[in-house]
Amino acid sequence: MSHLSERPEKPVVGVSMPHESAVQHVTGTALYTDDLVQRTKDVLHAHPVQVMKARGRITALRTAPALAVPGVVRVLTGADVPGVNDAGMKHDEPLFPDEVMFHGHAVAWVLGETLEAARLGAAAVEVELEELPSLVTLQEAIEAGSYHGARPLMETGDIDAGFADSAHVLSGEFQFAGQEHFYLETHAALAQIDENGQVFIQSSTQHPSETQEIVSHVLGVPAHEVTVQCLRMGGGFGGKEMQPHGFAAIAALGAKLTGRPVRFRLNRTQDLTMSGKRHGFHATWKIGFDAEGRIQALDATLVADGGWSLDLSEPVLARALCHIDNTYWIPNARVAGRIARTNTVSNTAFRGFGGPQGMLVIEDILGRCAPMLGLDPMELRERNFYRPGQGQTTPYGQPVTQAERISTVWQQVQKDAALADRKREIATFNAAHPHTKRAVAITGIKFGISFNLTAFNQGGALVLIYKDGSVLINHGGTEMGQGLHTKMMQVAATTLGIPLHKVRLAPTRTDKVPNTSATAASAGADLNGGAIKNACEQLRERLLQVAATQLGANASDVRIVEGVARALGSEGSAGSKGSEGSDKEVAWDDLVRTAYFQRVQLSAAGFYRTEGLHWDAKTFRGSPFKYFAHGAAATEVEVDGFTGAYRIRRVDIVHDVGDSLSPMIDIGQVEGGFVQGAGWLTLEDLRWDTSDGPNRGRLQTQAASTYKLPSFSEMPEELNVTLLERATEEGAVYGSKAVGEPPLMLAFSVREALRQAAAAFGPDGHSVELASPATPEAVFWAIEEARRATAASHNGHAPSTPSSTEPTRTTAATAVAPSSPRADASALNGA
């Protein structure tokens, strides 16, 4: 076992414990960024001047009317920026734009003594606009050839030979929607200036170091004059990885110009209309299978809806391409990627970061093709798994080193869910209920862990031991409710060999740990845990030298367990003497105090870099991931044939987190990720006004009243989560694996179960196309199409079957449902 993964005697990691801030969360005493306003004197409030047009060139911006509003202190415009007028890392996101690029784009900001004064001031600002043509939908951008950013191409094998060897060749297209983060806490920042003119920013950000970098270049000052702190976030999900930077820069600019603290917080409607979403995608594909249903070749093009600027669209697209294989070996593949430029908000990171979109494409393909091939969808998936010992690599060239875990979790979830018996029960139920159908589907995941950009795979920490034996840890990761801080405290306590109550964690700050990566890519525990372990090991080694002198032993023979240092073989109790008159054990507090008086350094900076990674973005080849996380889920649904309404009856999950650092935290992450994934795939339906009217480009789903989120009524009636046992991950901190993003993709099983339930209304072997999100309306149209296929078969018109020489063409299931029941159902079903 590797040094990094080996666990000492009586570790604190692996013990189930509540979130470190759980009590504060439920009692309301936990502080978030905007709570600090009440503790800060003379705060000004910022409010955006939004332009409610999809696109247009600003011809006049008059701020004088706003300054006449009582309580308005200043209006911020591009002329006030002393540095670079840009909020993005690609320098394509002007903080104060000359051209409006989406409906609700902020072109100026008003500072007021109260939020109401700032709001009234913003309403008084006069903006004249020369309206320009806009592209609101992904389809419009594709038809107009509107693209930006990289154009990756991933190739492996000989795709022409693969199709030539295929007994069945099928093709189609698939468009699916994005997703709103809908974190509980909207974007917020509070900026202050000290007596030396230095900037201190409290920000709800997943990437404090990048927030620091953007603020410094907007203000035109070096990074050491800007400090960013993140207490905690009320949710992030990727939406606070890139997009908080410009908002923090507005607060910092206002504070710099006025000398007063400036508070920035979006209300819910502003947050929904101004911040980016998960990327929606359009995919075209052609796939070849041999006579037994094994994939021979895949040719696909994925187009991501990037919105008006690049943001993180390039790495999101790269990860989508890297995950189109999911758990399946594809010997011959050609997958191209493009980023569409549309006049909507700039889409950004979202839990899974493109991985879910790539994996959804292959799962949709297999779900649609299985009936055409005469195979049970579960059997088709299993036949195409990566196999251990075959030397198989991903389409981008990374060996799949734990292929056996794909089958292990798959088989265990079938056993735990009693799938064979339940499938027979479902068949009996369906035969007796013509207007209600049930189905159970199982899907698996293989998700790569690490940032695609190798340089981001590093972490830092600062650990301080005080004279009384208490320990304070600082690390570069941010807490957004996911339990990272809880795990990091467990790592520190385990490495030092002390009880958890001895350890406290400080808020994440750029002046404690510099140059950190975002808390993203599910790598927070791996990177920061490795850094904390490194710092604590430095301190432990120093203390072992001190303890060895007191115990009359070699330092290599001393262990610190549960806050007591003992030499190996020592059986004495506290205060007893060894053969040389030394204490046979030394309490932690005494050991630390002794070390201080011996002038031993009691602080250490830790660092960790993920080894073994390499990636060539130009050739799209390499091993960008440290390891793969695996999991499988079986979901049973029941669908009403009259309305398309459905309920999730039962979900069984087996998930691979290695040796869990904190099992209760990990199970919570699996449950939450699954539900969020089910929301994306079945409920959350983003709608924009695509008309040519005055509201073109307006987000129509601007609140929880119109944007449906998973609630208690959508929760599975029975949800069983099991963490894979005996799953040590060599080369990861204490043998653990990442858990943040992978569980979201377990929700593919919900969508596939809905597909199979809709198909049960049709003839045997009928292939159902299903929109994403698979709302009850979309499920209803799928059921109607299945019923038409039943009628056609009764009239002697057999469903088409795949040809070995000509591709069987199928049409896309689109992401947007018809606006009325009488709308053309072909938009959803290809009927």
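Relevant structure appears above.
Residues numbered from 1 in each chain as written. Predicted model: local features only at pLDDT ≥ 70, side-chain atom pairs only at ≥ 80, totals over all residues. Heavy atoms only, no water.

**Q** Hey, could you run me through the sheet that holds strand β10 (residues 199-203) in this one?
**A** The strands making up a sheet are joined through hydrogen bonds of the backbone, oriented either antiparallel or parallel. Judged by pairing direction, the sheet is mixed, and its eight strands sit side by side in the order β3-β5-β1-β12-β9-β10-β11-β20 without closing on themselves. A strand with exactly one partner marks an edge of an open sheet, and here the two such strands are β3 (72-76) and β20 (508-509). Looking at chain direction, strand β11 (residues 226-230) and β20 are connected through two bridges and run antiparallel. Opposite Gln229, over in β20, you have Arg509 as the bridge partner. Contacts from helix α7 (residues 244-258) reach β1 (44-51), β3, β5 (105-112), β9 (188-193), β10 and β12 (262-265), with the element oriented near 30° to β9. (Pairing = 2+ DSSP bridges. Helix = DSSP H or I, 4+ residues; strand = E, 2+ residues; numbered from the N terminus. Contact = heavy atoms within 4.5 Å. Axes fitted to C-alpha atoms, helices over the stretch in contact; angles between N-to-C directions.)

**Q** It is not clear to me how helix α12 (residues 403-416) should be interpreted in this structure. Could you clarify?
**A** One full turn of an α-helix is made of 3.6 residues, so residues set three or four places apart face in the same direction. Taking 1.5 Å of rise per residue, the 14 residues of α12 would be expected to cover 20 Å, and the 21 Å separating its terminal C-alpha atoms lies within 8% of that figure. Listed in full, the buried residues belonging to α12 are Ala403, Arg405, Ile406, Ser407, Val409, Trp410 and Val413. Contact partners of the buried residues in α12: α11 (377-383), β16 (436-449), β27 (627-640) and β28 (646-655). Where α12 ends, the next residue or the one after it, Ala418, has phi of about 50°, a positive value. (Expected span 1.5 Å × (residues − 1). Buried < 20%, exposed > 50% of the residue type's maximum accessible area, 1.4 Å probe, protein only.)

**Q** Before we go on, may I ask you to explain the pairing of strand β17 (residues 458-465) in this structure?
**A** Two faces, one strand: in a regular strand the side chains alternate between the faces of the sheet. Counting buried positions along β17 yields six of eight residues, so the element is predominantly enclosed. Note that β17 and strand β24 (residues 603-609) share seven bridges and pair antiparallel. Across the sheet, residue Gly460 finds its bridge partner in β24, namely Phe607. Where β17 and strand β18 (residues 471-475) come together, five bridges link them in antiparallel fashion. Among the inter-strand pairings, Ala461 is bridged to a residue of β18, identified as His475. Hairpin connection of β17 to β18: five residues between the antiparallel strands, including Gly469 at a positive phi of 95°.

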